[in-house]
Amino acid sequence: MKYYLIVGEASGDLHASHLMKALKEEDPQAEFRFFGGDLMAAQGGELVKHYRELAYMGFIPVLLHLPTIFKNMSFCKKDITSWNPDVVILVDYPGFNLSIAKYVHKHTQIPVYYYISPKIWAWKEYRIKSIKRDVNELFSILPFEVPFFEQKHHYPIHYVGNPTADEVRLFQHSYQENKEQFCSRNKLSAKPIIALLAGSRRQEIKDNLPAMIEAAKEFTAYQMVLAGAPGIEPSYYEPYLRDTGVQMVNNETYALLTHADAALVTSGTATLETALFDVPQVVCYKTPVPHLIRFAYNHVIKCKYISLVNLVADEEVVQELLADRFSVRNIREELSMILPGQQGRTEIMSGYRKVHKLLGTAVAPVNAARLMVEMLKH
């Protein structure tokens, strides 16, 4: 069968590549065409556009790139119609993907499957109307989404397990390098490590990394090591790292987390990854007009937390320094409480055990691929 996949960022590329691998196991004749990245390309098929051409974040960047966004969207719709796949599989990236779903539903008979459902429980809950109308099957990777969609909105979905948990388990099973080897290979010192995970987009890095560095540099017994994000060229980081003593490792986030003692993390999938590696963390997320964002967070945004680790646990396992709580002073203070020997570290580790249990051990891409192929055949 023919599968058309659309992702818009690095994490989607990772998850979709594992799904493609599982689909090939279920359907040896699988053909792929996709908007994606290098990991998906390694699974075979035709890379139509790289996600780097799609990923714009924030009101101003999106506004400035609207002609490009609309051009990409128009091209994608035409490309799907021309190739006529057996299914379109959307991966997260709702601003773009829900528009594609609407077009495919209205103008073709091609079923639309959504793998890694849009996070409408946090923002833009009205999108449930378009999901119900335009998406044939929804595959969830977060256990708390099941009651949200099925009980609140009466829309049946499939919880298939969490792919981030799968990927961490797979990495831990195969990774054999000790800390001394990791540090030697990356020209790091022997000091304990504070990992900096500043986001996967340029705007996130610009907003969060300087404050993270300023806060962590006070802990001179530790070395700061930045996880370079996939899709961000190392030269982009240079102005932020110059004369700071911060070292960087590229495309080795999991190896870094294996050996880290604590982490400062920008909200996103990275918060869950950090928890799955049992690394105590502080979540940092700078926003424009922070007091307005705090008002929106208290009165408009429909969830209690911004980090996946807290959302899965349904309690404040890690501190979230969002909007008006984001400051160098607060980051430094919270970091000091989760370093080895501190009480905050013990409390976080207890919360992490709950997260591990709730996510379970189901292999998400394998479950999703099996369900997808079964439904397409019938």
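Rules and cut-offs
Residues numbered from 1 in each chain as written. Predicted model: local features only at pLDDT ≥ 70, side-chain atom pairs only at ≥ 80, totals over all residues. Heavy atoms only, no water. Buried < 20%, exposed > 50% of the residue type's maximum accessible area, 1.4 Å probe, protein only. Helix = DSSP H or I, 4+ residues; strand = E, 2+ residues; numbered from the N terminus. Arc of directions from axis to C-beta. Contact = heavy atoms within 4.5 Å. Expected span 1.5 Å × (residues − 1). Phe/Tyr/Trp six-rings, centres within 6.5 Å; stacked < 30°, edge-to-face > 60°. Pairing = 2+ DSSP bridges. Axes fitted to C-alpha atoms, helices over the stretch in contact; angles between N-to-C directions.

1. Notes on helix α7 (residues 145–152)
1) Next: For α7, the set of buried residues is E145, F148 and F149. Along the axis of α7, the buried positions cluster into a sector of 80°, meaning they face one direction only.
2) Next: Buried residues along α7 sit against α6 (128–134) and β6 (137–140).
3) Next: Count one or two residues on from α7 and you reach H154, which has phi positive near 55°.

2. Focus: helix α1 (residues 10–26)
1) Next: When the terminal C-alpha atoms of α1 are compared, their 25 Å separation across 17 residues agrees well with the 24 Å that a helix rising 1.5 Å per residue should span.
2) Next: Regarding α1, the residues found buried are A10, G12, D13, H15, A16, S17, L19, M20, A22 and L23.

3. Quick look at the packing of aromatic side chains
Describing an aromatic ring pair means giving the distance of the ring centres and the angle of the ring planes.
1) Next: Counted according to the given criterion, the structure contains 16 aromatic pairs.
2) Next: Ring geometry for Y93 and F96: centres 5.5 Å apart, planes at 25°, overall stacked. Judged on exposure class, the residue Y93 and its partner F96 are both buried.
3) Next: Ring geometry for Y236 against Y237: centres 6.3 Å apart, planes inclined by 75°, an arrangement best described as edge-to-face.

4. Observations regarding the sheet that holds strand β3 (residues 46–50)
1) Next: Spatially, seven strands are ordered β3-β2-β1-β4-β5-β6-β7 in an open sheet, and the strand pairing comes out parallel. Unpaired on one side and paired on the other, β3 and β7 (158–159) mark the two borders of the sheet.
2) Next: Here strand β1 (residues 2–6) runs beside strand β2 (residues 31–36); their pairing, made up of five bridges, is parallel. Across the sheet, Y4 pairs through a bridge with R33, a residue of β2.
3) Next: Sheet strands touched by helix α18 (residues 364–377): β1, β4 (87–91), β5 (112–115), β6 and β7. Its angle to β5, the strand with the most contacts, is close to 170°.

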